[in-house]
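# Inside the fold
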Amino acid sequence: MSLIRSTCLLLRSVSSCIHRASHKSPCFPCTFRLYTGDTSKTTTEQSKAQLGKFSGEEKHFKRRLLSVHSRFADVPDNLTFQGQNHIYLEDGQSINRAALAHDEREMVEVFCADWGGDGYKTIQRVRLSPSENKLAATVKKDHHEETRFVLVHLEGIILSQKALLVLDNVLSFEWATDDVLFYSTQETLQSLRVFRLHLRHNAVHTDLVYEEKDPEFFVEVSRSKDQRLVTINCNSKNSSEVWFIDSRAPFSCPTLIQSRQPGLMYHVEHSKDHLFILANTGQGQEYQLLWTPLAFPSIPHWNAMFTPVPGTAIKDMELLQDHSVFTLKDSQCRLQIQILTSKEPYELKTLQIPHWACDLSPERVGSEKGRSFGFLLSSPVHSPVRHLCSLRTGQLSVTEDTQYNSLPECHTTRLQAASQDGTMVPLTLFHMPALPQLSKSPLLLHVYGAYGMDLNMAFSPEKRLLLEDGWALAYCHVRGGGERGLAWHRSGSLLQKQRGVEDLASCIQTLHHLGVSQPVLTAIAARSAGAILTGALCNQNPQLLRAVILQAPFLDVLGTMQDPFLPLTKEERGEWGDPLVSAEHRDNIASYCPCHNIKPQLYPSMLITAYSEDRRVPLSGVLNYVERLKKAIQMYNDGNCAKTHVPAVILDVQPGADHFGPEDFHLSLNENARQLAFLYRELGLDYRKTQRRQKRRTNKHQVP
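Residues numbered from 1 in each chain as written. Predicted model: local features only at pLDDT ≥ 70, side-chain atom pairs only at ≥ 80, totals over all residues. Heavy atoms only, no water.

Another point: the overall build of the protein. Counting secondary structure elements, the protein contains 13 helices and 36 strands. For the protein, the proportion of its 704 residues judged to be buried stands at 60%. Pairs at least 24 residues apart make up 60% of the contacts formed inside the protein by residues separated by at least 6 positions. Just so you have it, the protein exposes about 27,700 Å², and 50% of that area is on carbon and sulfur atoms. (Helix = DSSP H or I, 4+ residues; strand = E, 2+ residues; numbered from the N terminus. Buried < 20%, exposed > 50% of the residue type's maximum accessible area, 1.4 Å probe, protein only. Contact = heavy atoms within 4.5 Å. Areas by Shrake-Rupley, 256 points an atom, 1.4 Å probe, with all protein chains shown as cover.)

In structure tokens, the structure reads:
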């Protein structure tokens, strides 16, 4: 099991643990005073009229996006997993399997998402029982975040029987035995309870095994790689507590590993009656690997095994029999893989991976009895390539044809920007022309900078399209994110949140100083909490940008954190502070909050996508921000005699309550096409000219 990756996914309340073509970033709540009546109606009508002007370009880009997705339809993915006797293929809507023993494998459907009924049609999380006689999955429907748990029997499959059991509001779940399963529930965006499900003689018995009392914590269940332990993981923004249940005694009470302590974060794996613990007990409160006997799990018995060198942060760990495989990032956010033997004397091997690699996704298929480690490497513009690492020799090999990944003209440039306080902030830049030739190239920036989460750097066909059109793509690894470790997050959270805004401004200024694009050709894309830094930058340094794309944006931190009745307000205090208790926290939040610092000036144009029933970022708040922004722009224009560019502020309201955006491929494609049309128009780009350039490049490098 990938320890940090798994826990972070669930802390973000992302139900899916399966990598998909469309990755979604973390998200958190927002609320404002409700604008009603003519104001919101006028805003919506104006936006519809503005969006109508893009209809021709939108259709053009939808055709191109369909084409680029088709080009990469057969790239490797992580939708295959393996049981004891079968291999399974999941395609988002159904699961098919074939026997491992047969040379010619006939795929048989064993699960379909619509078995959940009521319009559920997308698979999120899948777990096989230990002997492979049952399968459990959560499914989701368009425009909703809630998931439904569906359990099916795999022995003597009769498709007409469909679901054996259906439950609502299940978030995470793991099998202890073929008849006992543990699951956590999510209600009003909080996950606080864990239940044990016992299947016996066609009867179902359910009992509560854990209930969290602190609303700042989020609870999920997971299972150790060797399937011995089911763990109950309780996490807040700055503390952890883990309990375990031995699958050999599934009806026993949970055993506490280490009680929660302020500032102590840890994640647990198990092998051969020993716990292997990633905890922030290293230098500077960074993660290191420790071990302890299962019989003595608490912190006084923890023994250090591996501590990364200063400046390198552990991002993930896989425990494979006698080896621990670490994914790390260095000070310039370059990926590293290190392999540690789990027996003394400990031996450490470092793998050399391609310089372009920015995302590593462990394979879900078995790893040849612990002798090798399979994973996918990708970047936003490089499609996934399957690699296999020998744990004994440390040798890395590519296991398939890399024609889809071939991009000889692409440069991956690692840069650093000096922030206002002298801190060096990493930047990753993708570009086709050489660095000195980028002065007239359009530039699209990406930022997040919150909750200790890394920017999503996995492959995106949309980003590949932009790169081939001549764009430069920059990823700003600012403080508040997790790219350089836990200290990097702490230095950009709570009272230090303004540092992330300064980091972002410095990244843009550094790029412009190096001759990468110019302000009139610079745009930025952010979603959810990433909108905080973006919105603050627009208030403080609007001259750096020409266009902004925001999706489900979190824009009123002050209003949110002052409303204790919102479901996630208490949980978020560790990130933003508590303005109801601390005047210092309130003043600090008020100093950068995007919604409360709008002023009459020349802003960049904005396309803001919101979802009508989004409980994390209610539509009323987005309307509030848009109205304030439009009024400030109008005031600036009324008082400015010089004729300048009049920025467009467009609110694109989509139906549904799913903050993460549509699961449906075509709905998602429509949103992406609309955003591309907006970018090209606002930056004054001829989309027909860039398409002709892209066609010449594609023909030049086409694989025969």
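Moving on, we come to the sheet that holds strand 15 (residues 240–246). If you walk across this open sheet you meet the four strands as 13-14-15-16, and the pairing is antiparallel. Unpaired on one side and paired on the other, strand 13 (218–223) and strand 16 (255–258) mark the two borders of the sheet. Across the sheet, the axes of successive neighbouring strands diverge by a mean angle of 25°, strand direction being ignored. Across seven bridges, the pairing between strand 14 (residues 229–235) and strand 15 is antiparallel. Bridged to Thr 231 within strand 15 is Phe 244. (Pairing = 2+ DSSP bridges. Axes fitted to C-alpha atoms, helices over the stretch in contact; angles between N-to-C directions.)

Read from one edge to the other, the open sheet built from four strands follows the order 1-2-3-4, with strand pairing classed as antiparallel. Edge strands, defined here as strands with exactly one partner in the open sheet, are strand 1 (80–82) and strand 4 (108–112). Across this sheet, the average inter-strand angle for adjacent strands is 25°, counted without regard to direction. Across three bridges, strand 1 lies against strand 2 (residues 86–90) in antiparallel orientation. Bridge pairing in strand 2 places Gln 82 opposite Ile 87.

One pass over the full model with this rule turns up 34 salt bridges. Across the pair Asp 454 and Lys 315 runs a salt bridge whose closest N-O atoms are separated by 3.1 Å. Within this pair, whereas Asp 454 is found in the loop between strand 31 (443–446) and helix 4 (461–468), its partner Lys 315 is found in strand 21 (residues 313–320), the two being separated by 139 residues in sequence. (Salt bridge = Lys/Arg side-chain N within 4 Å of Asp/Glu carboxyl O.)

Further remarks concern the packing of aromatic side chains. Scanning the model with the defined rule gives 17 aromatic pairs in all. Centre to centre, the rings of Phe 81 and Tyr 88 are 5.1 Å apart; their planes meet at 5°, and the pair counts as stacked. The two residues Phe 81 and Tyr 88 agree in class, both being buried. A ring pair is formed by Phe 554 and Trp 576, whose centres lie 5.7 Å apart and whose planes are at 90°; its orientation type is edge-to-face. (Phe/Tyr/Trp six-rings, centres within 6.5 Å; stacked < 30°, edge-to-face > 60°.)

Between its terminal C-alpha atoms helix 6 (residues 497–513) stretches 25 Å, which fits the 24 Å expected from 17 residues at 1.5 Å a residue. The buried count for helix 6 comes to 13 of 17 residues, which makes it a mostly enclosed element. Once helix 6 finishes, Gly 515 follows within two positions and takes phi at roughly 90°, a positive value. (Expected span 1.5 Å × (residues − 1).)

By secondary structure assignment, the location of Leu 466 is in helix 4. Residues Leu 466 and His 431, 35 residues apart in the sequence, show an inter-C-alpha distance of 9.7 Å. Ignoring sequence-local partners within four residues, the contact set of Leu 466 consists of Leu 444, Trp 471, Leu 473, Leu 676 and Tyr 680.

Turning our eyes to something else, we now look at the pairing of strand 12 (residues 203–211). Relative to strand 12, strand 11 (residues 190–200) is paired through eight bridges, and the arrangement is antiparallel. Residue pairing in the sheet places His 198 in a bridge with His 205 of strand 12.

The next point concerns unusual backbone geometry. Of note in the backbone geometry, Lys 272 takes a positive phi value of approximately 50° without being a glycine. Tracing the chain through its elements places Lys 272 in the loop between strand 17 (266–271) and strand 18 (274–279). Classification of Lys 272 as exposed rests on a relative accessible area of 53%. Of note in the backbone geometry, Tyr 451 takes a positive phi value of approximately 60° without being a glycine. Counting through the fold element by element, Tyr 451 comes out in the loop between strand 31 and helix 4. Residue classification places Tyr 451 among the buried positions, given a relative accessible area of 9%.

This brings us to the side chain of His 446. Relative to the assigned elements, His 446 resides in strand 31. Leaving out residues up to four positions away in the same chain, His 446 has contacts with Leu 455, Lys 463, Leu 473, Ala 474, Tyr 475, Cys 476 and Ala 525.

All right, on to the confidence of the model for the protein then. Close reading of the predicted structure is inappropriate where its pLDDT is low. When the pLDDT values of the protein are averaged, the result is 87; 88% of them are 70 or greater. Within the model, pLDDT remains below 50 along residues 5–37, and this stretch shows 117 contacts once partners closer than five positions in the same chain are excluded. (pLDDT = per-residue confidence, 0-100.)

The next subject is the packing of helix 6 against helix 7 (residues 530–540). Following both chains from N to C, one finds helix 6 and helix 7 inclined at 70°, their axes separated by 9 Å at the closest point. Looking at the two axes, helix 6 sits roughly perpendicular to helix 7. Crossing of helix 6 over helix 7 shows right-handed handedness. Touching Lys 497, Gln 498, Gly 500, Val 501, Leu 504, Ala 505 and Ile 508 of helix 6 are Leu 533, Thr 534, Ala 536, Leu 537 and Gln 540, all from helix 7. Residues of the contact of helix 6 with helix 7, tallied by class, amount to seven nonpolar, four polar and one charged. (Parallel < 35°, antiparallel > 145°, perpendicular 65-115°, else oblique. Left-handed = near helix turned anticlockwise from the far one by under 90°. Nonpolar A, V, L, I, M, F, W, Y, C, P; charged D, E, K, R; others polar.)

Turning to helix 7, a few remarks are in order. Helical geometry note: an α-helix holds 3.6 residues per turn, so side chains three or four residues apart project in the same direction. Where burial is concerned, most of helix 7 is hidden: 10 out of the 11 residues are buried. Taken together, the buried positions of helix 7 are occupied by Gly 530, Ala 531, Ile 532, Leu 533, Thr 534, Gly 535, Ala 536, Leu 537, Cys 538 and Asn 539.

On to the state of the cysteines, then. This model, assessed by the stated rule, comprises zero disulfides. Free of any disulfide, Cys 333 has its nearest cysteine sulfur in Cys 358, 9.1 Å distant. Just so you know, Cys 507 is unpaired, no disulfide at all, and the nearest cysteine sulfur is the one on Cys 476, 4.2 Å from it. Of the residues examined, Cys 507 reaches a relative accessible area of 0% and is grouped as buried. (Disulfide = S-S within 2.5 Å.)

With seven of seven residues buried, strand 14 lies mostly within the body of the structure. Looking at chain direction, strand 13 and strand 14 are connected through six bridges and run antiparallel. Within strand 14, the position partnered with Phe 218 by the bridge is Asn 235. The antiparallel hairpin formed by strand 14 and strand 15 contains four residues in its connecting segment.

Put simply, helix 3 (residues 55–71) and helix 4 touch, their axes get as near as 9 Å, and they point 110° apart. Classified by the angle their axes make, helix 3 and helix 4 are roughly perpendicular. When helix 3 is examined against helix 4, the residues Arg 64, Leu 65, Val 68, His 69 and Arg 71 are found in contact with a partner set consisting of Pro 461, Glu 462, Arg 464, Leu 465 and Glu 468. Looking at the contact of helix 3 with helix 4, its residues break down into four nonpolar, one polar and five charged.

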